[in-house]
Amino acid sequence: MTEPERGERVVGWRIRTAQGVMYVQAVASLGIWVVQLLTLTERLDHGQDVPGSVWLVLVLNPVIVVLVALAAVFLVRRPWAKGLAVFLEVVGAVSALISVTTGYYQALFAILLACGVIVLVASSAQRPAHA
C-alpha cells in the first residue's frame, strides 16, 4: 500500500469516527431536549416561574441538534462541514463547561467527546505528500 493510500484510509477512519460521535451527540441532545420540554411543562403546570435562559435553551437545542446532524452528514462530502463541526463542538464544550460549573459534573463527558471530535476533524485535513 502506498503512502497516499494509507493516509486516505486513516483520514477516512477519523472522519467516520467523528461522524459517528456526532450522530450520537445529536440523538442524545434530542433526548435531553425532550426531558427539558417535559420538565418545563411540569413547572408551568405547577405555576412556577421559568427563567429566560431555560426558554433560550429550549429554542436553541433543536437548532443545534439539526446543525450537528447536518455537519455529520456532510463531513466527508463538503469542506464547509468540517468548520461547522468544529464550531458546534466548541459551542457544545462551552455549554457543557457552564453545566459543570453549576454542579452537573456528568457534562465533563460531553467536553471530552467534543474535544475528541475536534481532534479527529482537525487531524483529518489532507496533508501534502512529501516529494
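Not measured: the values here are computed from a predicted model. (Residues numbered from 1 in each chain as written. Predicted model: local features only at pLDDT ≥ 70, side-chain atom pairs only at ≥ 80, totals over all residues. Heavy atoms only, no water.)

Caption draft 1: Focus on the overall build of the protein. Looking only at helices and strands, the protein has 4 helices and 0 strands in total. Written out in order from the N terminus, the α and β elements of the protein read α-α-α-α. Relative to its 131 residues, the protein shows a buried fraction of 25%. Pairs at least 24 residues apart make up 62% of the contacts formed inside the protein by residues separated by at least 6 positions. Working note: accessible area of the protein is about 8800 Å², and carbon and sulfur atoms make up 70% of it. (Helix = DSSP H or I, 4+ residues; strand = E, 2+ residues; numbered from the N terminus. Buried < 20%, exposed > 50% of the residue type's maximum accessible area, 1.4 Å probe, protein only. Contact = heavy atoms within 4.5 Å. Areas by Shrake-Rupley, 256 points an atom, 1.4 Å probe, with all protein chains shown as cover.)

Caption draft 2: Highlighting the side chain of E89. Assignment of secondary structure puts E89 in helix α3 (residues 79-101). Buried and without a salt bridge, E89 has K82 as its closest oppositely charged side chain, separated by 14 Å. A distance of 3.1 Å separates a polar atom in the side chain of E89 from a polar atom in the side chain of Q25. Among residues more than four places away in sequence, those in contact with E89 are M22, Q25, L113, A114, V117 and I118. (Lys, Arg positive; Asp, Glu negative; His and termini not counted. Salt bridge = Lys/Arg side-chain N within 4 Å of Asp/Glu carboxyl O. Polar contact = N/O pair within 3.5 Å; in protein donor to acceptor, adjacent residues only side chain to side chain.)

Caption draft 3: Up close: helix α2 (residues 52-74). In this model α2 runs 33 Å from its N-terminal to its C-terminal C-alpha over 23 residues, within 8% of the 33 Å that 1.5 Å per residue would give. The sharpest bend along α2 reaches about 30° and sits at L60, with the proline P62 one to four residues further on. Among the residues of α2, those classed as buried are L58, N61, V65, V68, A71 and A72. (Expected span 1.5 Å × (residues − 1). Bend = angle between axes of the 7 residues up to and from the residue.)

Caption draft 4: Just the environment of V119, in detail. Residue position: V119 is located in helix α4 (residues 107-123). Since its relative accessible area comes to 53%, V119 is described here as exposed. Taking C-alpha positions, V119 is 9.0 Å from V86, a pair spaced 33 residues apart along the chain.

Caption draft 5: Structural context of the environment of A28. Position of A28 relative to the elements: it lies in helix α1 (residues 3-45). Along the chain, A28 and V65 lie 37 residues apart, while their C-alpha atoms are 9.0 Å from each other.

Caption draft 6: Structural detail: the side chain of Q19. Here Q19 is to be found in helix α1. Since its relative accessible area comes to 12%, Q19 is described here as buried. In contact with Q19, other than residues within four places in its own chain, are A72, V73, L75 and V76.

Caption draft 7: Main features of the nonpolar core. The biggest cluster of nonpolar side chains holds 16 residues, and the ones touching the most others in it are A18, M22, A71 and L75. Those elements that provide at least two residues to this core are α1, α2, α3 and α4. Residue contacts for M22: discarding those within four places in its chain leaves V68, A71, A72, L75, A85, E89 and V117. (Core = buried A, V, L, I, M, F, W, Y, C linked by side-chain atoms within 4.5 Å.)

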